[in-house]
Amino acid sequence: MDTLNGIACFIRSAESRSFASAARVLGLTPAAVGKNVARLEAELGVRLFQRTTRRLSLTEAGEAFRREVQGSLDQLHNAMTNARASTTGPAGELRVALPNAFGREYIVPMLETFLKAYPTICPDWRFDNRPVDLIADGFDVAIGGGFDLRPGVVARALAPAHRILIASPDVLGSGLRVAKPDDLKGREGILIRSPQTGRVRDWVLSNRYGAEAAIELARRIVFDDPDAACHAAALGMGIALVAVQSALPWIERGRVKRVLPDWWVEGGNLSLYYSAQALLPQKTRVFIDHIVESFREQDLPARFNALHATVL
């Protein structure tokens, strides 16, 4: 068991290049992680890490050892978890990363029936618009769009991630005429900064006939939160470009209306991200199945489509 603990500490430290980060994932102190790794190195008779005051880096032997044991350790851990679940049911802490407003609006309401079905699972959720490193940060599942699909991670599409233009009814009723994409030029825009790059991306509009057009809004306001952009648009501060799932609650409440309803931005997919393992922990598997089924029951894949009647 000491050897397994040492291997677990080594793998998590190798993923994050930090004893402190590994300690947060494993529920230990950084000192305990460091001691476990040192014992493992002594047992193997090789140095696995080069240590500096700022960062860990794998030695050649450490990298070779990581490649050989990482998948086996994860499978062993999951097999033990699933063996316990065969008598007790899926159980344990379920760490999920998801965007702020989207998570509150759509995913939190799905939690009630999930907890009733699996009372021994304890959700531990992080709400953040920035993508996480699923493996290094120790998350079971992440939900969102635009994640880099790193080795060891798979994505399961839930719905399209279309982006649309919205503005308040007052702005649209005050003589603002936007009948074609060219009419956007010079209009005050409320734009979203990418959580991945920190920059405002130049998106391109498309329509059902395959035509494309640039978005030439003036950069009046820049936010890093789509719900804030919707709020600003509802207050008449300009035209916002946001994902359908962000705009939908505001459209349904009559706070904003669609601008150029025949045009939208293709933004890939809203997806579930999880470890690419043949043997997933049961707590992770049942959560994934629950979210997929809840999306289907609530018709969210269709409602998040830019061509759905609710957002036209």
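Before reading further, recall that the structure is shown in the block above.
In short, a report on the structure.

Rules behind the numbers
- Residues numbered from 1 in each chain as written.
- Predicted model: local features only at pLDDT ≥ 70, side-chain atom pairs only at ≥ 80, totals over all residues.
- Heavy atoms only, no water.
- Helix = DSSP H or I, 4+ residues; strand = E, 2+ residues; numbered from the N terminus.
- Buried < 20%, exposed > 50% of the residue type's maximum accessible area, 1.4 Å probe, protein only.
- Axes fitted to C-alpha atoms, helices over the stretch in contact; angles between N-to-C directions.
- Parallel < 35°, antiparallel > 145°, perpendicular 65-115°, else oblique.
- Left-handed = near helix turned anticlockwise from the far one by under 90°.
- Contact = heavy atoms within 4.5 Å.
- Nonpolar A, V, L, I, M, F, W, Y, C, P; charged D, E, K, R; others polar.
- Core = buried A, V, L, I, M, F, W, Y, C linked by side-chain atoms within 4.5 Å.
- Salt bridge = Lys/Arg side-chain N within 4 Å of Asp/Glu carboxyl O.

**As for the environment of alanine 38**
Here comes step 1: By secondary structure assignment, the location of alanine 38 is in helix α3 (residues 30-44).
Here comes step 2: Overall, the relative accessible area of 37% leaves alanine 38 in the partly exposed class.
Here comes step 3: On a C-alpha basis, the gap between alanine 38 and leucine 300 in space is 50 Å, while along the polypeptide they are 262 residues apart.

**Some words on the packing of helix α5 (residues 100-117) against helix α8 (residues 244-252)**
Here comes step 1: At a minimum axis distance of 10 Å, the contact between α5 and α8 shows a crossing angle of 70°. Overall, the two elements α5 and α8 adopt an arrangement that is roughly perpendicular. In the crossing of α5 with α8, the sense of the turn from one axis to the other is left-handed. When α5 is examined against α8, the residues Phe102, Glu105 and Tyr106 are found in contact with a partner set consisting of Gln245, Leu248 and Pro249.
Here comes step 2: Here the contact of α5 with α8 is composed, by residue class, of four nonpolar, one polar and one charged.

**With respect to unusual backbone geometry**
Here comes step 1: The phi dihedral of leucine 260 falls on the positive side, at around 50°, and the residue is not glycine.
Here comes step 2: Note that leucine 260 resides in the loop between β13 (257-259) and β14 (264-265).
Here comes step 3: Note on leucine 260: relative accessible area 4%, which makes it buried.
Here comes step 4: Positive phi, close to 60°, is recorded for aspartate 299, a residue that is not glycine.
Here comes step 5: Tracing the sequence through the fold places aspartate 299 in the loop between α9 (282-297) and α10 (300-303).

**A look at the packing of helix α1 (residues 2-16) against α3**
Here comes step 1: At a minimum axis separation of 8 Å, α1 and α3 run at an interaxial angle of 110°. Relative to α3, the element α1 lies roughly perpendicular. Of the two possible hands of crossing, α1 and α3 adopt the one that is left-handed. Contact residues: Thr3, Asn5, Gly6, Ile7, Cys9, Phe10 and Ser13 in α1; Val33, Asn36, Val37, Leu40 and Glu43 in α3.

**With respect to the nonpolar core**
Here comes step 1: Counting residues in each nonpolar core, the largest one holds 46 residues, and the members touching the most others are Ile107, Ile143, Ile164, Ile166, Phe287, Phe295 and Phe304.
Here comes step 2: Residue contributions to this core peak at six residues, all from α5.
Here comes step 3: Core analysis: the next-biggest nonpolar cluster, separate from the first, contains 19 residues, Trp203, Leu217, Ile239 and Trp263 among them.

**Focus: the pattern of salt bridges**
Here comes step 1: As enumerated under the stated definition, the model contains twelve salt bridges in all.
Here comes step 2: Its salt-bridge partner being glutamate 63, residue arginine 67 comes within 3.5 Å of it at the nearest N-O pair. Residue arginine 67 and its partner glutamate 63 are located together in helix α4 (residues 60-88), separated by four residues, close to a single helical turn.
Here comes step 3: Here lysine 283 ties to aspartate 140 by a salt bridge, and the two come within 3.9 Å at their closest N and O atoms.

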